[in-house]
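Here is what each chain is made of, one letter per residue.
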Amino acid sequence: MAQSLDDRIVELVKGNGSISSIDIHNELVKNTNDESQLSIETIESRLRALGPDPGKDALKFTKTAVDKYFLTAEGEAILASGSSDLLLAKILQGNEEPVEQTTLKQELSKTFGAVDDRALNAIMGRLRKKQAISTEKQQEEADGKKIVKIFVSKTEKFTAAFDSVVSESDALRATLESVAKSNTLPSHITAKDFKRDYSKMIAKKPTTVYNVTVGPNIDTYNVVLETELSADDMLSGKWQDMTFKPLNFGAEGAVPDHGALHPLMKVRTEYRNILTNMGFQEMPTDHYVESSFWNFDTLFQPQQHPARDEHDTFFMKTPALAGTDVAQPDYFSSVQQTHEHGLGHIKGAETDVECQQSRGYEYEWSAMESRKNIMRTHTTAVSARMLHAIGQKYVATGEFEPVKLFSIDRVFRNETIDATHLAEFHQVEGFVCGRGLHIGHLMGIIREFFTKLGMPEVSFKPAYNPYTEPSMEIFAFHPGLNKYIEVGNSGVFRPEMLRPMGLPADVTVVAWGLSLERPTMIKCGIDKIRKLVGHKLDLDMVANDPVCRMGMN
Ligand code: PHE
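Residues numbered from 1 in each chain as written. Predicted model: local features only at pLDDT ≥ 70, side-chain atom pairs only at ≥ 80, totals over all residues. Heavy atoms only, no water.

**A word on the pattern of salt bridges**
Turning to step 1, where the next piece is worked out: All told, the structure shown has 27 salt bridges when counted by the stated rule.
Turning to step 2, where the next piece is worked out: Of the charged contacts, one joins R46 and D6 as a salt bridge, the two residues approaching to 2.7 Å between their closest N and O atoms. With R46 in helix α3 (residues 40-50) and D6 in helix α1 (residues 5-16), this residue pair connects regions lying 40 residues apart in the sequence.
Turning to step 3, where the next piece is worked out: Between R272 and E282 there is a salt bridge, with its nearest N and O atoms 2.8 Å apart. Of this pair, R272 sits in helix α11 (residues 263-277) while E282 is found in strand β7 (residues 281-282), placing the two residues 10 residues apart along the sequence.
Turning to step 4, where the next piece is worked out: Residue classification places R272 among the partly exposed positions, given a relative accessible area of 26%.
Turning to step 5, where the next piece is worked out: A residue is classified by how much of its surface remains accessible, and E282, at 35% relative accessible area, is partly exposed. (Salt bridge = Lys/Arg side-chain N within 4 Å of Asp/Glu carboxyl O. Helix = DSSP H or I, 4+ residues; strand = E, 2+ residues; numbered from the N terminus. Buried < 20%, exposed > 50% of the residue type's maximum accessible area, 1.4 Å probe, protein only.)

**Topic: the nonpolar core**
Nonpolar side chains tend toward joint burial in soluble globular proteins.
Turning to step 1, where the next piece is worked out: Ranked by size, the top nonpolar core spans 38 residues in total, and within it Y271, F449, F450 and W512 carry the most contacts.
Turning to step 2, where the next piece is worked out: Discounting residues that sit within four places of it in the chain, W512 has contacts with L275, F280, V428, E429, G430, L442, I445, I446, I474, N489 and S490.
Turning to step 3, where the next piece is worked out: In this structure, I91, F112, I123 and I189 belong to the second largest nonpolar core, which totals 34 residues. (Core = buried A, V, L, I, M, F, W, Y, C linked by side-chain atoms within 4.5 Å. Contact = heavy atoms within 4.5 Å.)

**Brief notes about the site of the ligand**
Turning to step 1, where the next piece is worked out: Close to the ligand lie 14 residues, the nearest being H378, T380, R413, Q427 and Y467.
Turning to step 2, where the next piece is worked out: R413 places a polar side-chain atom, nitrogen or oxygen, 2.9 Å from an oxygen atom of the ligand.
Turning to step 3, where the next piece is worked out: Contact with the protein chains covers 91% of the free accessible surface of the ligand, which is 320 Å².
Turning to step 4, where the next piece is worked out: Of all the elements in the fold, those that place two or more residues in the shell around the ligand are β11 (424-435), β14 (483-493) and β15 (507-515).
Turning to step 5, where the next piece is worked out: Across the shell around the ligand, the residue classes tally to 3 nonpolar, 9 polar and 2 charged. (Near = heavy atom within 4 Å. Polar contact = N/O pair within 3.5 Å; in protein donor to acceptor, adjacent residues only side chain to side chain. Areas by Shrake-Rupley, 256 points an atom, 1.4 Å probe, with all protein chains shown as cover. Nonpolar A, V, L, I, M, F, W, Y, C, P; charged D, E, K, R; others polar.)

**Looking at the state of the cysteines**
Turning to step 1, where the next piece is worked out: All told, the structure shown has 0 disulfides when counted by the stated rule.
Turning to step 2, where the next piece is worked out: In this structure C355 is a free cysteine whose sulfur lies 16 Å from that of C433, the closest cysteine sulfur available.
Turning to step 3, where the next piece is worked out: A relative accessible area of 0% means that C355 is categorised as buried.
Turning to step 4, where the next piece is worked out: The class for C433 is buried, based on a relative accessible area of 0%. (Disulfide = S-S within 2.5 Å.)

**Focus on the environment of I522**
Turning to step 1, where the next piece is worked out: As for its position among the elements, I522 is in helix α19 (residues 517-524).
Turning to step 2, where the next piece is worked out: Judged by relative accessible area, I522 falls into the partly exposed class, the value being 25%.
Turning to step 3, where the next piece is worked out: Remark: the alpha-carbon pair of I522 and G480, spanning 42 residues in sequence, is separated by 8.7 Å.
Turning to step 4, where the next piece is worked out: The contact partners of I522, leaving out residues within four places of it in the chain, are H478, L481 and I485.

**As for the pairing of β11**
Turning to step 1, where the next piece is worked out: Within β11, 10 of the 12 residues are buried, leaving the element largely enclosed by the surrounding structure.
Turning to step 2, where the next piece is worked out: The sheet contact formed by strand β10 (residues 403-412) and β11 spans 10 bridges and is antiparallel. Counterpart to F406 in the pairing with β11 is G430.
Turning to step 3, where the next piece is worked out: Relative to β15, β11 runs antiparallel, the two sharing 9 bridges. Bridge assignment links Q427 to a residue of β15, and that residue is S515. (Pairing = 2+ DSSP bridges.)

These values are about where atoms sit, not about what they do.
If you want it as structure tokens, here you go:
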């Protein structure tokens, strides 16, 4: 069987101990009929395959940069037909009459490609130096214009000089031949000579030479390595002659198919972490369907309020109404009285200025309206249930403990759906319930929260909510977008909300709410809500979305 190229290369390296890629090429070309098949590039690529990392480790090599030399078209022409000096001399030799210079130029151009005046002058200069030629000017008139023609003729020393031109040409051809074969410059040509005399015939090309030596697998590189060992191999004893492929402990395994958390869930986790670190506890949020009572009435939101309209709120068809037990009877009636007349009915109101000043909305409150079931429009309904429980505990035991609570869950609004709004979204809501809390505390908490989110520049704008007074919209400076964006709503819950729940007069509650989608969209660089939720969601985005670290982008 014919030896493979790899085998022949390995044999040369083994035989020589150390050998350059150029010598390998020369050696192999010597023994090949079809030289054109075997380029130095092919050899180099085989050397890399046989070399270390990621090769077979049969060879080792170091690389050195060297200049290689090749004949230019002019060099090839001289190698084939002799020097330009010789060609010019030959033309003159065959002519007894003087030859015009332009004719000489044309003749030379046939062999060497466009020969210009400068090149011709150089050739003639050398022949003149040998006293082999002479020139003569003649003036002629053609079409009324004077032109000068130069004629070149042989001298009596021409024949003697001719021989020296021939031997110079032969020497030059020998040099060129050796360059063409070895791609190196003969040692007698200095860099200066090269630049002056040879740069048109020989081109210099910087290349890399591989200096090759024997590698650890020189004898086993072509052994087929076994990757499997069977019971039969073991029983028959064949395993003793098998060569096994070493285990590759550096190999990376295939990435297994895996689920991925939706970006919203990651941002939720991050919010949870921040809030828990600030000492907040999470509230139970499992009431997607809520009564109007807990969603609106307990929040002192009047029954004529536009938010309670079908345009803003989804009303349940079945069951359309919550039971009469939607709340304890005295709380239910306390909420009614507060809506109608304010806090005058609260125990101890006679001496409580705040209660006496509270007037209510002075309309006829409908129990039926408050029992209408809806999809909760905000998580403040969740907060209301919690605060009511805290108030009831105080009424029962006389004990009150300040708390910080938060919730993150879904809310629903019957809004026009557009690029950034859906009919359902998530709210992040929190409140602090304690004695003597005021708007300063609220601003402080919000600042701290947004600082932890990476948006320390927060500003506030007065707003209106039926259940808070004062109320503030929250704006935060987003460094990525380079502007203030509205991020949430906040306020101090009204006594009209808290006192009927049973909370003591000196307890206040500061609270705020924001959406989860907004910061998630900004974080993921998503401009359309449909790309974040729904069937247009990009699953690759979900799989590749990095772990959420707010404020650390
Ligand atoms: N419920 C308000 C909203 O939906 C947010 C909020 C919560 C405002 C608590 C004030 C206090 O936007």
